[in-house]
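Residues per chain, in single letters:
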Amino acid sequence: MKKLLVLMTLSIMICTASMLRAEDANTKSEAPKPNILFAIADDASFPFMGAYGCDWVKTPAFDRIAEEGILFMNTYTPNAKCAPSRSCIVTGRNSWQLENACNHYPNFPTKFKSYAEALDENGYHVGKTGKGWAPGSAVDEQGKNRNLAGKPYEARKTKPPTSGISGNDYAANFADFLDANTDGKPWCFWYGSTEPHRGYEYMSGANKGGKSIDEIDHVPAFWPDNEIIRNDMLDYAYEVEYFDSHLGRMLEELEKRGELENTLVIVTADNGMPFPRIKGQEYEYSNHLPMAAMWPAGIKNPGRKVTDYVSFIDLAPTYVELAGLDWEAIGMSATPGRSLTDIFYSEKSGRVNPERDYVIIGKERHDIGRPNDWGYPIRGIVSDGLLYLHNYETDRWPAGNPETGYLNCDGSPTKTEILEMRRDGRNSDYWKLSFGKRPSEEMYNIVKDPECMQNQASNPEYAAKRGELQDRLETMLKGQGDPRVLGQSELLESYPYSDVRQQDFYGKYMSGQDIKAGWVSPGDFEKQPIEE
């Protein structure tokens, strides 16, 4: 009888445990999928956000997300230009894995699906406002435009505070998107500000933002330090703050609707600030970007600073995993990216995952302006506080040819000042740093020298580390099928610029055709040849 009672007791315990496990499994499977709010500024550099200790740029919304979530200290884009950077975000692939989409203004290949398209096909309400994937052409096999970042919500307008700021009422359009979710689906929204992209209303930071040039504690050493540059920096700051103000309104909207708790909010920028030697290059301030993430229902131990190296190719795998989808099954092309959930679900600060100890960066063609629409190919790696770069075509001009206006550098007061200082003989050093030709190898200690002023590539003290980084970079690129390192560089050079009117810009301009480049100033074009 005792044996029977024992067996019955054990049976009851086993059944109870099984039921609890089943109930727990059902609870997990039925747990609501998180919403996703992805906010991306247009040309904003690390570390110029308040949470990183910058006092002359006020970003309370970004700072709140960092305080109530995670502040990422080492987030990088693989390619520091609008279209290729955004191509990496939407696909989870590095730009050298994206055929024509490795370039600026590409024809986006039909074979590559975006995470937004995949989520839209699999139960998510998906939308965007402002700048999504751009610039370039993205159509399907029938020639219909694709929404790589989501269905546009653009109806709401507002009076912008300056002539350089968009009239898009981003936050109101976000509210319209939420209202349109009548089925109560989980949602994914892309907030793509066009700020702080050029152009700016000069002196708006001072005259309308109430800022003073004395607030700036440091001007990067590769620019002259004078009132022109400082006011240009303040105008940039004013536009960053405008981006942040709409982000703050979106957080308030989510709180009002009771949806903030289960919404993953990630805020970053596509590439560094639109100034010489930053945007369109591959230096520390070009690719190293601000990023913070908040998810009250999911991120453990909020308020952390994480130093793991994170790449933009990690974002799409994160969103797909949190949506409960299988990457391959939904038609996404293979990714070297890694979901960030290991960081979200950890309670650690500092380095969370020892394997996240590097990021790979590089570029092909950005803006046109060289003969044959050639680019300035670079590959690089960042690891353990060191940046190694390989410049493949050192006979080319890094920011574009002087006679066609250095087209891979947006027109600005800072650019004009540097060009004029060389022309009138005041100083040519700043010009060399931003526009001059470069050696085949560069290496910087970005902990001691974040502005990349001291090239250590030929320094014997760095020889061993340079060799290690060079070997690791080449191994990784070969493993990812990079045509540049597999002897197929002509393939990358052959992809056309999607705007047919601007193809062969150099040839047309030099032959006397009236062809414009609206993103630079007329005075950027050199009238006299420059030999270097």
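Because the structure is a prediction, the values reported are computed rather than measured. (Residues numbered from 1 in each chain as written. Predicted model: local features only at pLDDT ≥ 70, side-chain atom pairs only at ≥ 80, totals over all residues. Heavy atoms only, no water.)

## Digging into the overall build of the protein chain
Consideration 1: When helices and strands are counted, the protein chain shows 15 helices and 13 strands.
Consideration 2: Taking 532 residues into account, the globule formula puts the C-alpha radius of gyration at 24 Å, and the protein chain, at 25 Å, falls close to it.
Consideration 3: Taking the principal axes of the C-alpha coordinates as reference, the protein chain spans close to 105 × 55 × 50 Å.
Consideration 4: Evaluated residue by residue, the protein chain yields a buried proportion of 57% over its 532 residues.
Consideration 5: Just so you have it, the protein chain exposes about 21400 Å², and 50% of that area is on carbon and sulfur atoms.
Consideration 6: Between the averaged position of the 59 positive side-chain charges in the protein chain and that of its 79 negative side-chain charges there is a distance of 3 Å. (Helix = DSSP H or I, 4+ residues; strand = E, 2+ residues; numbered from the N terminus. Rg over C-alpha atoms; globule rule 2.2 N^0.38 Å. Buried < 20%, exposed > 50% of the residue type's maximum accessible area, 1.4 Å probe, protein only. Areas by Shrake-Rupley, 256 points an atom, 1.4 Å probe, with all protein chains shown as cover. Lys, Arg positive; Asp, Glu negative; His and termini not counted. Charge placed at Lys NZ, Arg CZ, Asp CG, Glu CD.)

## Things to note about the pattern of salt bridges
Consideration 1: Applying the stated criterion to the full structure yields 40 salt bridges.
Consideration 2: For K279, the salt bridge is made with D410, and the minimal N-O distance between the two is 3.0 Å. Remark: D410 occurs in the loop between β12 (386-391) and α11 (413-423) and K279 occurs in the loop between β6 (263-269) and α8 (284-287); sequence separation between them is 131 residues. D410 matches K279 in its accessibility class, with the two residues each being buried.
Consideration 3: Between K478 and E474 there is a salt bridge, and its shortest N-O distance comes to 3.2 Å. Here the residue K478 and the residue E474 both occupy positions in helix α13 (residues 463-479), the gap between them amounting to four residues, near one helical turn. (Salt bridge = Lys/Arg side-chain N within 4 Å of Asp/Glu carboxyl O.)

## Details of helix α2 (residues 60-67)
Consideration 1: Inspection of α2 places A61, F62, I65 and A66 among the buried residues, and these make up the whole buried set. Down the axis of α2, the buried set is contained in an arc of 140°. They therefore lie on one face. More than 90 degrees from the buried face of α2, the exposed residues found are P60 and E67.
Consideration 2: Each element contacted by the buried residues of α2 is listed here: β2 (70-76), α7 (227-257), β6 and β7 (288-294). (Arc of directions from axis to C-beta. Contact = heavy atoms within 4.5 Å.)

## Concerning the confidence of the model for the protein chain
Any segment with low pLDDT has predicted coordinates that should not be analysed in fine detail.
Consideration 1: Here the protein chain shows a mean pLDDT of 94. Residues at 70 or above account for 94%.
Consideration 2: No element of the protein chain has a lower mean pLDDT than helix α1 (residues 2-30), at 42, and none a higher one than strand β1 (residues 35-41), at 99. (pLDDT = per-residue confidence, 0-100.)

## Some remarks on the packing of α2 against α7
Consideration 1: Contact geometry of α2 with α7 gives a least axis separation of 7 Å together with a crossing angle of 55°. As summarised for this structure, α2 and α7 are arranged oblique, according to the angle between their axes. Contact residues: P60, A61, F62, R64 and I65 in α2; D244, L247, G248, L251 and E255 in α7.
Consideration 2: Counted by class, the contact of α2 with α7 contains six nonpolar, one polar and three charged residues. (Axes fitted to C-alpha atoms, helices over the stretch in contact; angles between N-to-C directions. Parallel < 35°, antiparallel > 145°, perpendicular 65-115°, else oblique. Nonpolar A, V, L, I, M, F, W, Y, C, P; charged D, E, K, R; others polar.)

## Comments concerning the packing of aromatic side chains
Consideration 1: According to the stated counting rule, one finds 29 aromatic pairs in the structure shown.
Consideration 2: A ring pair is formed by Y283 and Y444, whose centres lie 5.9 Å apart and whose planes are at 80°; its orientation type is edge-to-face. Placement of Y283 in the loop between β6 and α8 and of Y444 in strand β13 (residues 441-445) is noted, with a sequence separation of 161 residues between them. Grouping residues by exposure puts Y283 and Y444 together as buried.
Consideration 3: An aromatic cluster is defined as three or more aromatic residues linked by ring pairs; in this entry it consists of F48, W56, F222, W223, Y236, F275 and Y285.
Consideration 4: Cation over ring: K437 sits above W397, and NZ or CZ is 4.7 Å from the ring centre. (Phe/Tyr/Trp six-rings, centres within 6.5 Å; stacked < 30°, edge-to-face > 60°. Lys NZ or Arg CZ within 6 Å of the ring centre and 35° of its normal.)

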